[in-house]
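These are the residues of each chain, in order.
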Amino acid sequence: MKLSKHAAFWPIAARNLLRYRGRTIAVLIPLLATMACLSALTFLKDGTLAEALTALSALPDVTVQRREGGRDGSTGEEILGEISRYQNVRTAQPRIWGRAEVEGEAPGEAILAGVGADLLARLSESGFSLRSGRFLRDDDRGRALVGRLYAERRGIAPGDHIDLVNESGQRVAFTVAGVFDHRARLYAGGLILTDLETARAFFNYDPGRYTDVGVYLDDPLRADQAALRISAAREGVRAFTRADLADAARREYGSRAGTSQLLWLMLLVSAGLTAWAQGSSVSLEMRKEIGVLKAIGWRTLDVIEIKMMETAMIGLIGILGGGLLAIAYLRLGAPLLSSYFLDGAGAAVPFLPIRIGWSGVFLLLLLGLAPLSAATVIPAWRTGTIDPDRAIRNG
Amino acid sequence: MIDVKSLSKVFFQHGEEIPILADLEMTVSRGECVIIDGPSGCGKTTLLNIMGCLARPTRGEVIIDRRRTSHLPEHFLCELRRSRIGFIFQQFNLLPGFTALENAALPLAPLGIGSKERRRRAEPLLDFLGLEDRKDFQVTDLSGGEQQRVAIARALMNNPEIILADEPLSNVDALTAERIIGVFRDLLEKGKTMILTDHSPLLARSLPITNAYRLERGRLS
């Protein structure tokens, strides 16, 4: 097959789109709208998932929580001591963390996490780096490390004071000891680190109680075994490996995206049906034209190729245009979508995590082009296979 | 060159058989000019379409250069239509939204000829047909006669040996009719084979007709 033949068809396909402006616009508008929504959702899902997975990399090998009366409860010294004695456990570190209201010029929420001296001393091993000031010391009380993005947004520097409000509505002042950075923007933008005792006082935890315990292993490859053993040791105790949490994140954001994607896909199919209607029963003129083209020596495959080129052009305009609209929409803060998608985490995420990756783009191309191709090529093929005489006479 | 043997065509409508052509026999040799006339609706267009490989007969066969076209698969028929046959439709069948030049050059596109070369090849033909100042007009902006000449240019674009013209003068004025007859005469002088349908005497009077047939009630006489 000569390449020049395909090249010769492109301008004709482009002219066809202009000749049938009404049909082109009727297909393009719903396609653009649908692809914009699908793209926004895909970029946001991929971004959120990537961000979540990056954040998970800084977590301990196993995270241990306790259920009390069917809800997350606090863990205590007894669990901590027991876990520390297990084989393969290098260290078990208690943590107290939760949401904290931020007061000041840029109100919002942050995650305040209190960690023990051992963990504070090993922050750099978990990917935290110091941008300014200093890390916390054993005896620091009422001091905090804030993330770079958080500090930049509020113009905070070491030595400054920040006010956080706990669940009881009490305002607690913290002195900023340092500003850290982390490749997970979730931490750099919304995490405040403090010592264990300050966090205990902030969240009103009883002495010897913690939110959870982070377990670091000598052999992280055996994290599954360690998690199983910890879970089985006491009733109500749950242990998650990093892989468990990653799976949970994939399921959570996958299902949120999946539900929406399904809705938009229905719209996409309706765009395809519009194209189908325009291409088959409605456009008798188009069928007659196919008959004429065949009468002057075009093959059925030539006709289908032209239709595929038209579809590819409309599809690419729809996908690219939809993608650009999605980026603009996401840059505007993705009203509606962000609250739905980042529900539960949105308050602590001061940015929209967006990722435009190959897999997402491939998915969008597939979703955009497949129904449209079927909707335009099949009618063209059906018309192309009948005698030119019949196509011309009956349209 | 073209043999029509025992050719019949039946249309089916609402489960009912409507015979259009019955047991036709015809032979057209290279360089001949054959005219088929008959009243409206007698099947002239259907016969021409079958001879031009645009439709298949219900029974019988059309043989072009010893090839039984009725039995050839569709892609062979396309090739035949592209390389050997030029078809001039009664209703022109030009594609709206394309210019006269683009319409005339359409048969060249499947040959892989780019738009510049298509233009280069179509221009002299349109000039020859007196459309030198209408080449870049949308076909919908042309008169009936001009549209017919564009349709003729399109039919001649691949330099076919056989030209089939379905009532080529029925939608044109007298001046255009004369011009078209002049073009046909030219083609016959170049050795082309022509099969025309017409129910006006003008073509028969003006062209060197070698055989004239009358089609009535599905039969040739």
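Focus: the overall build of chain A
Along its length, chain A carries 14 helices and 13 strands. If you take every contact in chain A between residues at least 6 apart in sequence, the share linking residues at least 24 apart comes to 78%. Approximately 18,300 Å² of chain A is accessible, and the part contributed by carbon and sulfur atoms is 59%.

Side note on the pairing of strand S12 (residues 212-217) of chain A
Residue and element names in this part refer to chain A. Within S12, six of the six residues are buried, which leaves the element mostly enclosed by the surrounding structure. Burial along S12 is two-sided: the residues Asp212, Gly214 and Tyr216 and Val213, Val215 and Leu217 are all buried. Pairing geometry for strand S4 (residues 89-102) and S12, over six bridges, is antiparallel. The residue bridging Arg95 from the neighbouring strand is Asp212, located in S12.

Comments concerning the interface of chain A and chain B
When the parts of a complex come together, some accessible area is lost, and that lost area is often taken as the interface size. Taken residue by residue, the interface counts 27 residues in chain A and 28 residues in chain B. Interface area, chain A with chain B, both sides summed: about 2,400 Å², of which 58% is carbon and sulfur. Seen at the junction of chain A and chain B, the total is three salt bridges. Put simply, A:Arg15 and B:Glu102 hold a salt bridge, and the shortest N to O gap is 2.4 Å.

Observations concerning the packing of helix H2 (residues 21-56) of chain A against helix H13 (residues 358-384) of chain A
Residue and element names in this part refer to chain A. In contact at an axis separation of 10 Å, H2 and H13 are set at 155° when each is read in the N-to-C sense. The angle between H2 and H13 places the two elements in the roughly antiparallel class. In the packing of H2 onto H13, the handedness of the crossing is right-handed. Contacts between H2 and H13 pair Val27, Leu31, Met35, Leu38, Ser39, Thr42, Phe43 and Asp46 from the former with Ser359, Gly360, Leu363, Leu364, Leu367, Gly368 and Leu372 from the latter. Of the residues that constitute the contact of H2 with H13, the class distribution is nine nonpolar, five polar and one charged.

Focus: the pairing of S4(A)
Working note: regular strand, side chains alternate between the two faces of the sheet. Residues and elements named next belong to chain A. In terms of burial, S4 is largely enclosed, as ten of its 14 residues are buried. Two elements, S4 and strand S8 (residues 161-165), share two bridges in a ladder whose sense is antiparallel. What sits directly across from Val102, in S8, is Leu164.

What to know about the nonpolar core
Nonpolar side chains tend to gather and get buried jointly when the protein is soluble and globular. By size, the foremost hydrophobic cluster in this structure holds 73 residues, and its most contacted members are A:Trp298, B:Ile2, B:Met26, B:Ile36, B:Leu47 and B:Ile195. Counting residues per element, this core draws most heavily on H2(A), which supplies nine residues. In this view, B:Ile195 contacts B:Ile2, B:Val28, B:Val34, B:Ile36, B:Leu48, B:Met51, B:Ile163, B:Leu164 and B:Ala165; residues no more than four positions away in its chain are not counted. The next biggest cluster of nonpolar side chains, apart from the first, holds 40 residues, and it includes B:Phe92, B:Leu94, B:Ala177 and B:Leu188.

Some points on the packing of helix H5 (residues 144-156) of chain B against helix H6 (residues 174-189) of chain B
All names here are of chain B. Relative to each other, H5 and H6 sit at 15°, their axes nearing to 10 Å. In terms of orientation, H5 and H6 fall into the roughly parallel class. Judged by the twist between their axes, the crossing of H5 over H6 is right-handed. Every residue of H6 that contacts H5 at Gly145, Gln148, Arg149, Ile152 and Leu156 is listed here: Thr176, Arg179, Ile180, Val183, Phe184 and Leu187. Here the residues of the contact of H5 with H6 are counted per class, giving six nonpolar, three polar and two charged.

Side note on the sheet that holds strand S8 (residues 193-197) of chain B
All names here are of chain B. Strand order in the open sheet formed by six strands is S6-S7-S8-S3-S9-S10, and the pairing between neighbours is mixed. One side of each edge strand has no neighbouring strand; the edge strands of this open sheet are strand S6 (85-88) and strand S10 (219-220). Pairing between strand S3 (residues 33-37) and S8: four bridges, direction parallel. Following the sheet pairing, Ile35 is matched in S8 by Leu196. Sitting on the sheet, helix H1 (residues 44-51) touches S3, S6, strand S7 (162-166), S8, strand S9 (211-216) and S10, and the angle it makes with S7 is about 160°.

Re the sheet that holds strand S5 (residues 67-68) of chain B
All names here are of chain B. Spatially, four strands are ordered S2-S1-S4-S5 in an open sheet, and the strand pairing comes out antiparallel. Each end of this open sheet is capped by a strand with a single partner; those strands are strand S2 (16-28) and S5. Contacts from H1 reach strand S1 (2-13), S2 and strand S4 (59-64), with the element oriented near 60° to S2.

Topic: the environment of B:Phe98
By the element assignment, B:Phe98 lies in the loop between S6 and helix H3 (100-105). Given a relative accessible area of 3%, B:Phe98 falls into the buried group. Sequence separation of B:Phe98 and B:Leu129 is 31 residues, and the distance between their C-alpha atoms is 18 Å. Setting aside residues up to four positions removed in sequence, B:Phe98 forms contacts with A:Ile12, A:Arg15, A:Asn16, A:Arg19, B:Asn103, B:Phe137, B:Gln138 and B:Val139.

Overview of the confidence of the model for chain B
When pLDDT is averaged along chain B, the result is 90, and 100% of the positions lie at 70 or above. With a pTM of 0.73, the predicted complex shows an ipTM of 0.92.

Brief notes about H5(B)
Within an α-helix, residues lying three or four positions from one another point in the same direction, as the helix has 3.6 residues per turn. Taking 1.5 Å as the rise per residue, H5(B) with 13 residues should run 18 Å; its terminal C-alpha atoms sit 18 Å apart, in good agreement. Of all 13 residues in H5(B), twelve are buried; the element is thus mostly enclosed. Among all positions in H5(B), only B:Gly145, B:Glu146, B:Gln147, B:Gln148, B:Arg149, B:Val150, B:Ala151, B:Ile152, B:Ala153, B:Arg154, B:Ala155 and B:Leu156 are buried. Lining the buried residues of H5(B) we find helix H10 (284-295) of chain A together with S6, H3, helix H4 (115-128), S7 and H6 of chain B.

Each value, and the rule that gives it
Sequence order as written defines residue numbering, which begins from 1 separately in each chain. Note on labels: chains are lettered from A, ligands numbered from 1, in written order. For this predicted model, a pLDDT threshold of at least 70 governs which residues receive local features, and a threshold of 80 or more governs which side-chain atom pairs are given and counted, while totals over whole chains, interfaces and linings are taken from all residues. Note that the side-chain values use all heavy atoms of the structure and ignore hydrogens as well as water. Elements are defined by DSSP. Helices are runs of H or I of four residues or more, strands are runs of E of two residues or more, and each kind is numbered from the N terminus. The contact criterion used throughout is that any non-hydrogen atoms of two residues lie within 4.5 Å. Shrake-Rupley sampling with a 1.4 Å probe provides the accessible areas, and residues are treated as covered by the protein chains on show and by no other component. Each residue gets one of three labels from its accessible area relative to the maximum for its type: buried under 20%, exposed over 50%, partly exposed in between, using a 1.4 Å probe on protein chains only. Two strands are said to pair when DSSP picks up at least two bridges between them. Buried area counts how much accessible surface, traced with a 1.4 Å probe, disappears from two parts once they are put together, with both parts' losses summed. Any carboxyl oxygen of Asp or Glu within 4 Å of a side-chain nitrogen of Lys or Arg constitutes a salt bridge here. For helices, the fitted axis covers only the stretch in contact; all axes are lines through C-alpha atoms, and the angles between them, taken along N-to-C directions, range from 0 to 180 degrees. What sets the label is the angle itself: under 35 degrees gives roughly parallel, over 145 gives roughly antiparallel, 65 to 115 gives roughly perpendicular, and the rest give oblique. Each helix crossing is assigned a hand: it is left-handed if the near helix lies turned anticlockwise from the far helix by less than a right angle, otherwise right-handed if that turn is clockwise. Only Asp, Glu, Lys and Arg are considered charged, only Ala, Val, Leu, Ile, Met, Phe, Trp, Tyr, Cys and Pro nonpolar, and every remaining residue, Gly among them, polar. Buried Ala, Val, Leu, Ile, Met, Phe, Trp, Tyr and Cys residues that are joined via side-chain atoms within 4.5 Å together make up what is termed a nonpolar core. The predictor's confidence in any single residue is recorded as pLDDT, a number from 0 to 100. Take the residue count of a helix, subtract one, and multiply by 1.5 Å to get its expected span.

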